[in-house]
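Architecture at a glance
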Amino acid sequence: MKDLIETIVSALVDYPDDVQVMSREEDDRILYTLSVHKEDMGKVIGKQGRVAKAIRSVVYAAGSSQHKKIYLEISE
């Protein structure tokens, strides 16, 4: 899942080397934290959050077989 997130986001940003994904697994959920360069935040979030919502939709669909709730948090 981390590779999927990195692949999607790296294609969108100007600083692909700064894209980092960390994961934390708990009993009933998995939290992925996406970190990007400060100047790329707007590209990852998009107008009215549309790009972020699309990324989350793909990640949630890909992770639906894991039987755990998946969360994607975006930060600088």
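Right above here is the structure, for reference.
Description of the structure in this document. (Residues numbered from 1 in each chain as written. Predicted model: local features only at pLDDT ≥ 70, side-chain atom pairs only at ≥ 80, totals over all residues. Heavy atoms only, no water.)

Glancing now at helix α3 (residues 50–62). The end-to-end C-alpha distance of α3, which contains 13 residues, comes to 18 Å, matching closely the 18 Å that a straight helix rising 1.5 Å per residue would cover. Buried residues along α3 sit against α1 (2–10), α2 (41–45) and β3 (69–75). (Helix = DSSP H or I, 4+ residues; strand = E, 2+ residues; numbered from the N terminus. Expected span 1.5 Å × (residues − 1). Contact = heavy atoms within 4.5 Å.)

Glancing now at the pattern of salt bridges. What the rule picks out here adds up to four salt bridges. Salt-bridge contacts for Lys43 lead to Asp14; the nearest nitrogen and oxygen are separated by 2.4 Å. In this pair, Lys43 is assigned in helix α2 and Asp14 in the loop between α1 and β1 (20–25), connecting sequence segments 29 residues apart. Judged by its relative accessible area of 36%, Lys43 falls in the partly exposed class. Taking the shortest distance from any N to any O, the salt bridge between Arg29 and Glu26 comes out at 3.0 Å. For Glu26, a relative accessible area of 31% gives the class partly exposed. A cluster of three or more residues bridged by salt bridges with shared partners is formed by Arg24, Glu26 and Arg29. (Salt bridge = Lys/Arg side-chain N within 4 Å of Asp/Glu carboxyl O. Buried < 20%, exposed > 50% of the residue type's maximum accessible area, 1.4 Å probe, protein only.)

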